Amino acid sequence: MKQVLETGFDGVALHPARLGPTDQKALLGTLREAARAAPPYRPRMPRTGQLWSTMQTNLGALGWVSDVKGYRYEPRHPVTGEPWPPIPDLLLGLWADLAGYAAPPECCLVNVYRGEKARMGLHQDRDEAATEAPVLSISLGDTCLFRVGGFARSDKTKSFRLASGDVLLLGGPSRMRFHGVDRIVPGSSQLIEGGGRLNLTLRRVTKP
Ligand code: MD3
Ligand code: FE
């Protein structure tokens, strides 16, 4: 059994370097190929239409999208109109090993952080009907400073670093905690040419 770091939050388990260099490179290659079919795009915020500082794409039957109309899951890429590419077997295997949830994930949201300004504000993941399913997060490339709080935005938060190959399982009573990415640490990984960070979140959307 590989090492698990207790985070102090019930239901939040960090698996440092769960993916070794070989798996990280293989996964990155698969994602590059998927990105040709489903190019990352810069989403807009609901209501204001403000552009996000990150870019996004998805893999799987359902993709999470954000635009002026709101947040929702869609079976097709909003720019190309094509179905999202399939979730790679390596990720389905990680979910089967770690999620403790019988049904497979339906969505792999890919967040692309490039440059000093890329961040993600404190939020809750609450667009999934399957709230009893965990979220599994995989980090690739530059380390990020990541923050987990409570169930109200103003609750006190705790910061962690997520490095390339780290896998974070968020479930049980912590599934609805506020969380966000404060910044990435430039030059902290050589995995991605030109720097930057990719975060993959595997989600079950519908109740099985
Ligand atoms: C759910 N992504 O895409 S990892 C997101 O690194 C998102 O790109 C971040 O938040 C990223 O929605 C963070 C996923 C995550 C982290 C902590 C959580 C999901 C969580 C804590 C509670 C519930
Ligand atoms: Fe989130």
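In short, a report on the structure. For clarity, every value in this text was computed on a predicted model and none was experimentally measured.

### So, unusual backbone geometry
Positive phi is not limited to glycine here, since Ala17 has a value of about 50°. Turning to its location among the elements, Ala17 is positioned in the loop between strand E2 (12–15) and helix H1 (21–37).

### Section: the state of the cysteines
Tallying each qualifying case throughout the model produces zero disulfides. Cys108 forms no disulfide, and the closest cysteine sulfur to it belongs to Cys107, at a distance of 6.8 Å. The cysteine Cys144 is free of any disulfide, with Cys108 supplying the nearest cysteine sulfur at 16 Å. Taking the relative accessible area as the measure of exposure, Cys144 reaches 0% and is therefore buried.

### Considerations on the site of ligand 1
Not every one of the 18 residues close to ligand 1 is listed here, only the nearest: Asn111, Tyr113, Arg175, His179 and Arg203. Between ligand 1 and the protein, one listed contact pairs an oxygen atom with a side-chain N or O atom of Tyr113 at 2.6 Å. Between ligand 1 and His179, the relevant distance is 2.9 Å, taken from an oxygen atom to a side-chain nitrogen or oxygen of the residue. Protein coverage of the free-state accessible area of ligand 1, which is 510 Å², stands at 98%. When residues of the shell around ligand 1 are assigned to their parent elements, the largest contribution, four residues, is made by strand E13 (residues 197–203). When grouped by side-chain class, the residues that make up the shell around ligand 1 number six nonpolar, seven polar and five charged.

### Comments concerning the nonpolar core
In terms of nonpolar packing, the biggest core is built from 29 residues, with Leu91 and Ile138 touching the most fellow members. At the level of elements, H1, helix H2 (89–98), strand E6 (107–113), strand E8 (135–141), strand E11 (167–170) and E13 are the ones that each hand at least two residues to this core. Among residues more than four places away in sequence, those in contact with Ile138 are Leu19, Leu27, Leu91, Leu94, Asp166, Val167, Leu198, Asn199, Leu200 and Leu202.

### Here's the deal with the coordination of the iron ion (ligand 2)
Protein coordination at the iron ion (ligand 2) comes from His123 (NE2), Asp125 (OD) and His179 (NE2), with a distance range of 2.1 to 2.2 Å. Along the chain, the residues donating to the iron ion (ligand 2) are arranged with the sequence spacing H-x1-D-x53-H. With His123 in strand E7 (residues 120–123) and His179 in strand E12 (residues 179–184), this pair connects stretches of sequence that are 56 residues apart. Look at His179 and you get buried, because its relative accessible area is 17%.

### Things to note about the side chain of Asn58
Position of Asn58 among the secondary structure elements: in strand E3 (residues 55–59). In this structure the side chain of Asn58 is engaged in a polar contact, spanning 3.0 Å, whose partner is the backbone nitrogen of Trp64. Filtering out sequence-adjacent residues up to four positions away, Asn58 remains in contact with Ala38, Gly63, Trp64, Trp84, Pro85, Cys107, Cys108 and Leu109.

Analysis parameters
- Residues numbered from 1 in each chain as written.
- Chains lettered and ligands numbered in written order.
- Predicted model: local features only at pLDDT ≥ 70, side-chain atom pairs only at ≥ 80, totals over all residues.
- Heavy atoms only, no water.
- Helix = DSSP H or I, 4+ residues; strand = E, 2+ residues; numbered from the N terminus.
- Disulfide = S-S within 2.5 Å.
- Buried < 20%, exposed > 50% of the residue type's maximum accessible area, 1.4 Å probe, protein only.
- Near = heavy atom within 4 Å.
- Polar contact = N/O pair within 3.5 Å; in protein donor to acceptor, adjacent residues only side chain to side chain.
- Areas by Shrake-Rupley, 256 points an atom, 1.4 Å probe, with all protein chains shown as cover.
- Nonpolar A, V, L, I, M, F, W, Y, C, P; charged D, E, K, R; others polar.
- Core = buried A, V, L, I, M, F, W, Y, C linked by side-chain atoms within 4.5 Å.
- Contact = heavy atoms within 4.5 Å.
- Donors = N, O, S within 2.8 Å, 3.2 Å for Na, K, Ca; no water.

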